[in-house]
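Understanding the architecture of this molecule
Each chain is listed here by its residues.
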Amino acid sequence: QVQLVESGGGLVQPGGSLRLSCTTSGFTFSAYAMNWYRQAPGKERELVAGITGGSGRTNYADSVKGRFTISRDNSKNTVSLQMNSLKPEDTAMYYCNAFRLYYNYWGQGTQVTVSS
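Small disclaimer: the values here were computed from a predicted structure and weren't measured.

Structural notes on the overall build of the chain
Scanning the chain from terminus to terminus reveals zero helices and 11 strands. The helix and strand sequence of the chain, counted from the amino end, reads β-β-β-β-β-β-β-β-β-β-β. Against the globule reference of 13 Å for 116 residues, the chain gives a C-alpha radius of gyration of 13 Å, in line with a compact fold. By residue count, 38% of the 116 residues in the chain fall in the buried class. Within the chain, contacts between residues separated by at least 24 positions form 53% of all contacts whose residues are at least 6 apart in sequence. Of the charged side chains in the chain, 11 are positive and 7 negative; the average position of the first set lies 6 Å away from that of the second.

Below you can see the structure in the form of structure tokens.
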């Protein structure tokens, strides 16, 4: 059974930091690209950051470049998103995603709220 479980969300003040984690099971983690998406109320889900399974190459949305860092630990089947210098516009539900060819798995999401 495939499982992706996000954690680490919460309420943080502008300029603060959070670290999201996604713990996975039920699939060959190292073979999958891992992504973080987010969805704010009334908006479409958008890709925030991704990391490939092999080389660990990363990519980021322009809106988070220089502030967010995605990383993975293939020995622990986890992927993380370090978020620094958070802004109110980063407020959203954040989702962990595993993707490979025809397979696309999602977690339930963790809420991030950036507000003073």
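Next comes the rest of the description.
Remarks on unusual backbone geometry
Phi at N77 takes a positive value of approximately 55 degrees, unusual for a residue other than glycine. Within the secondary structure, N77 sits in the loop between β7 (68-73) and β8 (78-83). The backbone of S85 sits at a positive phi, close to 50 degrees, despite the residue not being glycine. Turning to its location among the elements, S85 is positioned in the loop between β8 and β9 (92-100).

Some details on the pairing of strand β4 (residues 33-39)
Bridge count for β4 against β9 is seven bridges, and the pairing is antiparallel. Across the sheet, M34 pairs through a bridge with A98, a residue of β9. As judged from the five bridges shared by β4 and strand β5 (residues 46-51), these two strands associate in the antiparallel manner. Counterpart to R38 in the pairing with β5 is E46. Where β4 folds back on β5, the antiparallel hairpin that results is connected by six residues, among which G42 adopts a positive phi of roughly 80 degrees.

Here is what the cut-offs are and how they apply
- Residues numbered from 1 in each chain as written.
- Predicted model: local features only at pLDDT ≥ 70, side-chain atom pairs only at ≥ 80, totals over all residues.
- Heavy atoms only, no water.
- Helix = DSSP H or I, 4+ residues; strand = E, 2+ residues; numbered from the N terminus.
- Rg over C-alpha atoms; globule rule 2.2 N^0.38 Å.
- Buried < 20%, exposed > 50% of the residue type's maximum accessible area, 1.4 Å probe, protein only.
- Contact = heavy atoms within 4.5 Å.
- Lys, Arg positive; Asp, Glu negative; His and termini not counted.
- Charge placed at Lys NZ, Arg CZ, Asp CG, Glu CD.
- Pairing = 2+ DSSP bridges.

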